[in-house]
Amino acid sequence: MNPQRQALEAVLQTLNKAASAAGRPAVRLLAVSKTQPASAVATLASWGQRAYGENYVQEAVAKIGALRELDLEWHLIGHLQSNKCREVAENFDWVQSLDRARLIEPLSRYRPDTRPPLNILIQVNPDGEAGKSGCAPGEIAALSRAVTSAPRLRLRGLMAIPEPTPDFSRRRRTFQQLRAWFDELRGEFPDVDTLSMGMSEDFALAIAEGATMVRIGSALFGPRS
Ligand SMILES: *Cc1c(COP(=O)(O)O)cnc(C)c1O
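The structure contained in this document is the topic of the report that follows. (Residues numbered from 1 in each chain as written. Predicted model: local features only at pLDDT ≥ 70, side-chain atom pairs only at ≥ 80, totals over all residues. Heavy atoms only, no water.)

1. Side note on the pattern of salt bridges
So, point 1. A full pass over the atoms with the stated rule returns 18 salt bridges.
So, point 2. Two residues, Arg86 and Glu90, come together in a salt bridge whose shortest N-O distance is 3.1 Å. Here Arg86 and its partner Glu90 are both found in helix H4 (residues 85-91), four residues apart, which amounts to about one turn of the helix.
So, point 3. In this structure, Asp113 and Arg152 form a salt bridge, with 3.7 Å as the shortest nitrogen-oxygen distance. Of this pair, Asp113 sits in the loop between helix H5 (104-110) and strand E5 (118-124) while Arg152 is found in the loop between helix H6 (140-148) and strand E6 (153-160), placing the two residues 39 residues apart along the sequence.
So, point 4. A residue is classified by how much of its surface remains accessible, and Asp113, at 71% relative accessible area, is exposed.
So, point 5. Classification of Arg152 by relative accessible area gives buried; the value is 17%.
So, point 6. A single network of salt bridges, built from pairs that share partners, joins Glu54, Glu59 and Lys63. (Salt bridge = Lys/Arg side-chain N within 4 Å of Asp/Glu carboxyl O. Helix = DSSP H or I, 4+ residues; strand = E, 2+ residues; numbered from the N terminus. Buried < 20%, exposed > 50% of the residue type's maximum accessible area, 1.4 Å probe, protein only.)

Below, the structure is given as structure tokens:
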């Protein structure tokens, strides 16, 4: 088996094992394809992987255009600048990095009528790290209400990146805290269904603590240069 195929099978095996242990069989895999060429995405797509995460709008829009006939699902997971809202609303299926109110109106206004509403996750900065994207936990409620009242947006849940500490018991506590905020959000908005947390190093732990979607780059594609 070729090494990329082997990597995908290994990730799926770990994912499925963690998901069935957690009693949540529907955990989704988002393949993080930032810095990878369109050809690497096309290869993964030929084995059935549909959803891809990108950090940089320019890079992503080129790949989305090149791979349009494959009908893939594209998620923005990198920091969103307000001057990029139009391009993002026109090209992506999901935005996982909405972290401030001023992005909401332009994303909704520029979402083409010919496409379904843009799926939105609110990005939280769960450990209060300085200089990191994501809203403060206390802002989740107001941001989520604003997203649900925007006509062309659809609130789906939360995304977060815990502090990259080697202490996995701390990461676990952060995942548990995120799960609690997610459950609270679901209490108010029953359509909310997505908790995006866990990356190559810690996705089995994230699934055990309630992730419904994991975002995986290096474990699928190898280390980024
Ligand atoms: C790069 C990135 C990932 C993937 O990280 P890996 O450690 O390579 O799996 C996941 N989420 C976000 C937001 C990223 O920027």
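2. Remarks on the pairing of strand E3 (residues 73-76)
Looking along a regular strand, one sees side chains alternate from face to face of the sheet.
So, point 1. Inspection of the sheet shows strand E2 (residues 51-54) paired to E3 by four bridges, in the parallel sense. Bridging from a neighbouring strand, Gly53 pairs with His75 of E3.
So, point 2. Read as a crossover between parallel neighbours, the route from E2 over helix H3 (residues 57-66) to E3 is right-handed.
So, point 3. Both E3 and strand E4 (residues 94-98) contribute to a ladder of two bridges, which runs parallel. Bridge assignment links Leu76 to a residue of E4, and that residue is Val95.
So, point 4. For the handedness criterion, the β-α-β arrangement of E3, H4 and E4 is classed as right-handed. (Pairing = 2+ DSSP bridges. Right-handed = clockwise from strand over helix to strand, strands pointing away.)

3. What about the packing of aromatic side chains?
For any pair of aromatic rings, the description consists of the separation of the ring centres together with the inter-plane angle of the planes.
So, point 1. Taken as a whole and assessed by the stated rule, the structure comprises one aromatic pair.
So, point 2. Plain terms: the ring middles of Tyr52 and Trp74 are 5.6 Å apart, the flat faces sit at 40° to each other, and that makes the pair tilted. Of the two residues, Tyr52 is situated in strand E2 and Trp74 in strand E3; the sequence distance between them amounts to 22 residues. Side by side, Tyr52 and Trp74 carry an identical accessibility label, which is buried.
So, point 3. The ring centre of Tyr110 lies 4.7 Å from the NZ or CZ of Arg109, which sits over that ring. (Phe/Tyr/Trp six-rings, centres within 6.5 Å; stacked < 30°, edge-to-face > 60°. Lys NZ or Arg CZ within 6 Å of the ring centre and 35° of its normal.)

4. Points about the environment of Glu87
So, point 1. Looking at the secondary structure, you find Glu87 in helix H4.
So, point 2. When the C-alpha atoms of Glu87 and Val61 are compared, they prove to be 8.0 Å apart, with 26 residues separating the residues in sequence.
So, point 3. The residues touching Glu87, leaving out its near neighbours within four places in the chain, are Val57, Gln58 and Val61. (Contact = heavy atoms within 4.5 Å.)

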